[in-house]
Structures are given as structure tokens and as C-alpha cells.
Amino acid sequence: LHFSRPLPERVNIVIKAQAFGPNTGLPFTMRIGGEEQSFRVQDLPQDVTLRFNTDGRQRSLEIEIPKPTAPHDVSPSIDTRPLGLGLTDIEISTPEA
């Protein structure tokens, strides 16, 4: 995800996410700049909160998918896009002091 403004130096990222297919329960990695954190989600939507420290110039948030998988590979489907994580909500905030 790329943002029009830099993320705060101290930032909370809250996502509502669910894993797709064989990614269920596997470690995903979220990165902002040089900092990374792992999280796991199941196949139903759940909230995940991660806290990062940045240099105040970062505009990107990256999520690494452990096993990108096309719906075509796991069920009768014509969808060949490699998927792994469904995001239904994202909230970016600064932690309270």
C-alpha cells in the first residue's frame, strides 16, 4: 500500500483480515521501511494490531504473502490471480502517550 503522506514516526496499524486457502494460520510479514513484524490470521475475518517505529518519511506498507495461491488451484474457478490475504479494513493511528 502506498500513501500520499508519510506515516507517523510511531504508528499503529490495525487491519481486519482473513487468510485465503493454504495461507490460513501461516505467518504473514508486514513491513514499513526497515522494520517488519509477523502475524497470523485464520480463514474468517479478524483484527490484527501491529505497532511500528518509522523515520517519519515512509509512505509504503508491504505485506508478504507466505503462499500466494490462485483460486483456480484450490477449487473449480477461472480466477488465476495469486491471492493470500483478504483485507476488509485498515486503520492507521498514532499510539496514545
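All figures in this text were calculated on a predicted structure; none of them were measured in a lab.

What counts, and where the lines are drawn
Residues numbered from 1 in each chain as written. Predicted model: local features only at pLDDT ≥ 70, side-chain atom pairs only at ≥ 80, totals over all residues. Heavy atoms only, no water. Pairing = 2+ DSSP bridges. Helix = DSSP H or I, 4+ residues; strand = E, 2+ residues; numbered from the N terminus. Axes fitted to C-alpha atoms, helices over the stretch in contact; angles between N-to-C directions. Salt bridge = Lys/Arg side-chain N within 4 Å of Asp/Glu carboxyl O. Buried < 20%, exposed > 50% of the residue type's maximum accessible area, 1.4 Å probe, protein only.

**Q** I'd love a proper account of the sheet that holds strand β6 (residues 85–93), names of residues and values included.
**A** One open sheet accounts for three strands, arranged β4-β1-β6; its pairing is antiparallel. Both edges of this open sheet fall to β4 (46–53) and β6, since each of them pairs with a single strand only. Neighbour to neighbour, the strand axes of the sheet diverge by 25° on average, direction disregarded. For strand β1 (residues 10–19) and β4, the ladder comprises eight bridges, and the chain directions are antiparallel. Residue pairing across strands places Arg 10 opposite Asn 53, the latter belonging to β4.

**Q** Would you mind going over the pattern of salt bridges in detail, with residue names and values included?
**A** In the structure shown here, the tally under the stated rule is six salt bridges. The closest approach of N and O atoms between Arg 31 and Glu 36, which form a salt bridge, is 2.8 Å. On the basis of relative accessible area, Glu 36 is assigned to the partly exposed category, the value being 47%. Salt-bridge contacts for Glu 62 lead to Arg 31; the nearest nitrogen and oxygen are separated by 3.3 Å. Separated by 31 residues along the polypeptide, Glu 62 in strand β5 (residues 62–64) and Arg 31 in strand β2 (residues 27–32) bring together distant segments of the chain. Taking the relative accessible area as the measure of exposure, Glu 62 reaches 46% and is therefore partly exposed. One salt-bridge network, held together by shared partners, links Arg 31, Glu 36, Glu 62 and Glu 64.

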